[in-house]
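# Coordinates in review
Letter by letter, the chains look like this.
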Amino acid sequence: MLLVTGGAGYIGSHVCKKLYEKGYEFIVLDNLSKGCKEFVKWSDLIVGDVGDENLLDKIFSKYKIEAVIHFAAFIDVEESVKNPEKYYENNFCKTLTLLKKMVEHKVKYFIFSSSAAVYGNPRYIPIDEKHPLNPINTYGESKLFVEKALKSFEKAYGIRYISLRYFNAAGADGEIGYIHRIHLIPKVLDAALGLREYVEIYGTDYDTKDGTCIRDFIHVLDLADAHIKALEYLLEEDKSNVFNLGSEKGYSVKEIIEIVKRITNHDFKVVEARRREGDPPILVASNKKAKEYLKWFPKRDIVEMIKSSYRWHRKYFLKE
């Protein structure tokens, strides 16, 4: 039996669907502050907070949990800079509570939803797992703090973990998707479909090919596949490890806008704005390690990511 925290969220729900398809038994713990109850279709849902010690005691006492897959976190970089307490408390402190209860109830395996934000401004591209860790925003720091805690918990208590450093998740499978439009592709699709007046480009003076930030996008279904492979690796090898999950391809903000215009056949207003604090100029992954150890190979390109997002956007937000 697995415990999936944050399983009602965007990435968590896609992973839950894949777990179900692979025959795993699991339960979802989610406080529904960011998740969507209707996305929990393949298991029981326990509505509650991952920082609730009494609730965790009840869950670990009732169910024979072998591993925890931990998604529950706040993810808005801009908000994290403005409200760091919220991010340290939720993303780090509550994860410590979860880990403490795992130790008390002798749950050994942990898969952590980390982020490329732990790297900060890149010293070289593509970024591999040996790259220095120097986050430039509170969100990235909160993820890095957990990674450091995991090393200590392994040494002290024998916890085995896999930390998966996502780059930019995108896309949807059609049955489930995203509900919060805080990232680039959903915002651009909002503009294309007339759900917002314009889309902003935050900074056009970066040292990149067109002056806008460059990001590595990875389809959420490829992320889901990676979690299954990470779980199999963890249970079979009984070894901790860290893996980047990205496509090894970078696209600028302007390039994403142009691809959306082409796919949707809609033009829309684009406004240039100042840089946001906490945004690195470029983040592109090396996924060589995940390919080697997990035998994981991303299958879906940026066009499919945007097309599937477009289909989801029309279905969920326009009710088409």
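Nothing here was measured: the structure is a model prediction, and the numbers come from that model.

Each value, and the rule that gives it
Residues numbered from 1 in each chain as written. Predicted model: local features only at pLDDT ≥ 70, side-chain atom pairs only at ≥ 80, totals over all residues. Heavy atoms only, no water. Pairing = 2+ DSSP bridges. Helix = DSSP H or I, 4+ residues; strand = E, 2+ residues; numbered from the N terminus. Axes fitted to C-alpha atoms, helices over the stretch in contact; angles between N-to-C directions. Contact = heavy atoms within 4.5 Å. Buried < 20%, exposed > 50% of the residue type's maximum accessible area, 1.4 Å probe, protein only. 1 Å grid on protein atoms, 1.4 Å probe; cavity = no way out; pocket = protein on both sides within 12 Å on 5 of 7 lines; lining within 4 Å. Points joined across faces, edges and corners; volume = space filled by probe spheres on them. Nonpolar A, V, L, I, M, F, W, Y, C, P; charged D, E, K, R; others polar. Phe/Tyr/Trp six-rings, centres within 6.5 Å; stacked < 30°, edge-to-face > 60°. Lys NZ or Arg CZ within 6 Å of the ring centre and 35° of its normal. Left-handed = near helix turned anticlockwise from the far one by under 90°.

## As for the sheet that holds strand S1 (residues 2-5)
The strand order S3-S2-S1-S4-S5-S6-S10 describes an open sheet built from 7 strands, whose pairing is parallel. Strands with a single pairing partner mark the edges of an open sheet, and in this sheet they are strand S3 (44-47) and strand S10 (241-245). Adjacent strand axes in the sheet meet at a mean angle of 20 degrees, parallel and antiparallel pairs treated alike. Here helix H2 (residues 53-62) sits on the sheet and contacts S1, strand S2 (26-30), S3 and strand S4 (67-70); the angle it forms with S2, its principal contact strand, is near 175 degrees.

## With respect to the side chain of His131
Structurally, His131 is set in the loop between strand S5 (109-115) and helix H5 (138-157). By relative accessible area, which is 3% here, His131 ends up buried. In this view, His131 contacts Tyr119, Asn121, Pro122, Arg123 and Tyr124; residues no more than four positions away in its chain are not counted.

## Brief notes about empty space enclosed by the protein
Enumeration according to the criterion identifies 1 cavity of 30 Å³ or more in this entry. Surrounding the largest cavity, His70, Phe71, Ala72, Ala73, Asn91, Thr95, Phe112 and Lys143 form its lining. For the lining of the largest cavity, a count of residues per class yields 4 nonpolar, 3 polar and 1 charged.

## Let's talk about the packing of aromatic side chains
In total, this model carries 15 aromatic pairs according to the counting rule given. Here Tyr88 and Phe145 contribute two aromatic rings whose centre-to-centre distance is 5.6 Å and whose plane-to-plane angle is 15 degrees, an arrangement assigned as stacked. Within this pair, whereas Tyr88 is found in helix H4 (residues 84-104), its partner Phe145 is found in helix H5, the two being separated by 57 residues in sequence. Judged by its relative accessible area of 25%, Tyr88 falls in the partly exposed class. A centroid spacing of 5.9 Å and a plane angle of 90 degrees characterise the contact between Tyr233 and Phe243, whose relative ring orientation is edge-to-face. Of this pair, Tyr233 sits in helix H7 (residues 220-237) while Phe243 sits in strand S10; the two residues are 10 residues apart in sequence, bridging distant segments of the chain. The same class applies to Tyr233 as to Phe243, namely buried. Among the aromatic residues, ring-to-ring pairing joins Tyr10, Phe39, Tyr178, Trp312, Tyr316 and Phe317 into one connected group. Over the aromatic face of Phe243 sits the side chain of Lys289, whose NZ or CZ is 5.4 Å from the ring centroid.

## Side note on the packing of H2 against H4
How two helices pack is summed up by the angle between their axes together with the distance between the axes. Two elements in contact, H2 and H4, have axes whose closest approach is 10 Å; the angle formed by their N-to-C orientations is 35 degrees. As H2 runs across H4, the sense of the crossing is right-handed. Here Glu53, Leu56, Asp57 and Phe60 of H2 come into contact with H4, specifically with Thr97, Leu98, Lys100, Lys101, Met102 and Glu104. For the contact of H2 with H4, the residue count by class is 4 nonpolar, 1 polar and 5 charged.

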